[in-house]
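# Coordinates in review
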There are 2 protein chains.
Amino acid sequence: KAGRRRKDSLRLSGHRHACHAMIFASCPDKVFGKIPVRYAVLMQMRFDGRLGFPGGFVDSRDGFLEAGLNRELSEELGLQPGLLCLTEREHVLAHVLPLHRDRPVVAHFYMRELSLMQLRDVERAALRACEYGAEVMGMVRVPLYTLRDGVSGLPAFLCNSFAGTAREQLLWALAARRLLPPGRLREACEIARVPVPALAL
Amino acid sequence: KAGRRRKDSLRLSGHRHACHAMIFASCPDKVFGKIPVRYAVLMQMRFDGRLGFPGGFVDSRDGFLEAGLNRELSEELGLQPGLLCLTEREHVLAHVLPLHRDRPVVAHFYMRELSLMQLRDVERAALRACEYGAEVMGMVRVPLYTLRDGVSGLPAFLCNSFAGTAREQLLWALAARRLLPPGRLREACEIARVPVPALAL
């Protein structure tokens, strides 16, 4: 399904293509020793003061979206070759966005599960990336739980500023991979007053 | 002035005390090789999905706010003893907040300038802190510039979710230490629709 979408989107003419990736790992940590963190999901604070996923615009004339994505990841995450290399298989979603500088954009989204140790390597490498402190202002993990007050955690996180479709991509990914139960995701979206992803309805 | 305020606030009876610190460094980096970053100012993504400064509630019965603050900093930032130790001299602001769990709170704020290399050590150490991935979800630098669209950068950053008085403390600090010109700070606040700090008026 994802492959077909990827192929279809490359047939669109005059579109720019953007590729972003969600890197995540199963995580046994507990907040205050009680609330399970469940997963470490990486996002970044961008140069523009908004949260987003690593990646960016790529040149797709040659059809190799992933070459562009991997270049962006190595610039933004300072990755050693081989630590992380995304392929077509990790392409999970493509959708057409409204015009950006007079041209429509196709947003491609990739997901890659790592071990927690590998994810920690990615976090450490990010501090040494050439773009750290300028284009990338920091890496953060997404809180997936909701605390007892009913707002702190994921709902409050969803009220931050997000770049482009990053928030929608995050919610889609959480629903698609069942990183938290659909009912909890729905609840968090409703509290944050953001649209519930169709997969969690 | 700051010292007097600190002393006064410790005379208040029945109040809880919270201490937070802004760590910053002069930074020669440029965004896209053009826009000066000026300063690296550290904040963190907290367990509750909001941005805040490192620190927390401290037990002030013995009058040593800084002992509590330094304990919090070592837990949250994983600092080696000696890398960073805040003292009374770095206390810059104290103000009384509305009730928190039936008790009024005094929010103490500290500022400490480091070299960029020392600040990078703090960022690296944070990834090894015992609370990383649970109470602290990541460290970020605050964008202090405004990009050409008039919104991206500091204004968009100010639209994120902030814990308690963290946003007010940030704006106060930027104005007090002139980390950006008062006119620019005022402009960013107006675009973000947040109150302009008195010092920038």
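Residues numbered from 1 in each chain as written. Chains lettered and ligands numbered in written order. Predicted model: local features only at pLDDT ≥ 70, side-chain atom pairs only at ≥ 80, totals over all residues. Heavy atoms only, no water.

A few words now on the side chain of B:Asn160. Position of B:Asn160 among the secondary structure elements: in the loop between helix 4 (154–158) and helix 5 (166–176). Among the polar contacts listed, one links the side chain of B:Asn160 to the backbone nitrogen of A:Ser161, at a separation of 2.7 Å. One polar contact links the side chain of B:Asn160 to the main-chain carbonyl oxygen of B:Phe157, over a distance of 3.0 Å. Ignoring sequence-local partners within four residues, the contact set of B:Asn160 consists of A:Met45, A:Gly49, A:Asn160, A:Ser161, B:Leu51 and B:Arg167. (Helix = DSSP H or I, 4+ residues; strand = E, 2+ residues; numbered from the N terminus. Polar contact = N/O pair within 3.5 Å; in protein donor to acceptor, adjacent residues only side chain to side chain. Contact = heavy atoms within 4.5 Å.)

As a further point, take empty space enclosed by the protein. A full pass over the atoms with the stated rule returns four cavities of 30 Å³ or more. Of the volumes computed, that of the largest cavity is approximately 100 Å³. Residues that form the lining of the largest cavity fall into these classes: eight nonpolar, one polar and two charged. (1 Å grid on protein atoms, 1.4 Å probe; cavity = no way out; pocket = protein on both sides within 12 Å on 5 of 7 lines; lining within 4 Å. Points joined across faces, edges and corners; volume = space filled by probe spheres on them. Nonpolar A, V, L, I, M, F, W, Y, C, P; charged D, E, K, R; others polar.)

With that settled, consider the environment of A:Val136. Residue and element names in this part refer to chain A. Locating Val-136 in the fold gives a position in strand 7 (residues 136–141). A residue is classified by how much of its surface remains accessible, and Val-136, at 1% relative accessible area, is buried. It is 9.6 Å that separates the C-alpha atoms of Val-136 and Gly-49, two residues lying 87 residues apart in sequence. Those residues in contact with Val-136 that lie beyond four places of it in its chain are Gln-44, Met-45, Glu-76 and Glu-131. (Buried < 20%, exposed > 50% of the residue type's maximum accessible area, 1.4 Å probe, protein only.)

Residue and element names in this part refer to chain B. Position of Leu-119 among the secondary structure elements: in helix 3 (residues 116–126). Between the alpha carbons of Leu-119 and Asp-48 there is a distance of 24 Å; along the sequence they are 71 residues apart. Not counting residues up to four positions away in its chain, the partners in contact with Leu-119 are Ile-23, Phe-24, Ala-25, Ala-40, Leu-42, Leu-114 and Arg-141.

Contact residues are listed per partner, giving 35 residues for chain A and 35 residues for chain B. Roughly 2,900 Å² of surface becomes buried between chain A and chain B when both sides are summed, with 57% attributable to carbon and sulfur atoms. Applying the counting criterion to the chain A and chain B interface returns 18 residue pairs in polar contact (both at pLDDT 80 or more). At the level of elements, strand 1 (16–31), strand 2 (35–46), helix 3 (116–126), strand 7 and helix 4 (154–158) of chain A are the ones that each hand at least two residues to the side of chain A that touches chain B. Here the residues of the side of chain A that touches chain B are counted per class, giving 20 nonpolar, seven polar and eight charged. (Buried area = accessible area lost by both parts, 1.4 Å probe.)

Turning to the relation of the copies chain A and chain B, a few remarks are in order. Of the transformation placing chain A onto chain B, the axial shift is 0.0 Å and the rotation is 180°, giving an RMSD of 0.0 Å. When the rotation and shift are considered jointly, the pair of chain copies conforms to a two-fold rotation axis. It is A:Asn160 whose C-alpha, among those of chain A, lies nearest the rotation axis, at 2.1 Å. (Least-squares fit on C-alpha atoms with pLDDT ≥ 70 in both.)

In this section: the nonpolar core. Formed by 130 residues in total, the largest nonpolar core has its most connected members in A:Met22, A:Leu170, B:Met22 and B:Leu170. Excluding residues that lie within four positions of it along the chain, A:Leu170 makes contacts with A:Met22, A:Val41, A:Met43, A:Phe53, A:Val142, A:Phe157 and A:Leu158. (Core = buried A, V, L, I, M, F, W, Y, C linked by side-chain atoms within 4.5 Å.)

Note on strand geometry: in a regular strand, side chains alternate between the two faces of the sheet. All names here are of chain B. Across the six residues of strand 7 (residues 136–141), six count as buried, placing the element largely inside the fold. As paired strands, strand 2 (residues 35–46) and strand 7 are joined by five bridges and run antiparallel to one another. Each residue of the ladder has a partner; that of Met-43, found in strand 7, is Val-140. (Pairing = 2+ DSSP bridges.)

Here we take up the packing of aromatic side chains. A complete count under the given rule lists eight aromatic pairs over all chains for this structure. The cationic tip of A:Arg16 hangs over the ring face of A:Phe57; the distance from NZ or CZ to the ring centre is 3.9 Å. (Phe/Tyr/Trp six-rings, centres within 6.5 Å; stacked < 30°, edge-to-face > 60°. Lys NZ or Arg CZ within 6 Å of the ring centre and 35° of its normal.)

This next bit is on the pattern of salt bridges. Evaluated as defined, the whole model comprises 22 salt bridges over all chains. For the salt bridge of A:Glu113 with A:Arg177, the shortest nitrogen-to-oxygen distance reads 3.5 Å. Taken as a pair, A:Glu113 in strand 6 (residues 103–114) and A:Arg177 in the loop between helix 5 (166–176) and helix 6 (182–192) lie far apart in primary sequence, 64 residues in all. Between B:Glu88 and B:Arg6 there is a salt bridge; the shortest N-O distance is 3.6 Å. Of this pair, B:Glu88 sits in the loop between helix 2 (65–77) and strand 5 (91–100) while B:Arg6 sits in helix 1 (residues 2–11); the two residues are 82 residues apart in sequence, bridging distant segments of the chain. (Salt bridge = Lys/Arg side-chain N within 4 Å of Asp/Glu carboxyl O.)

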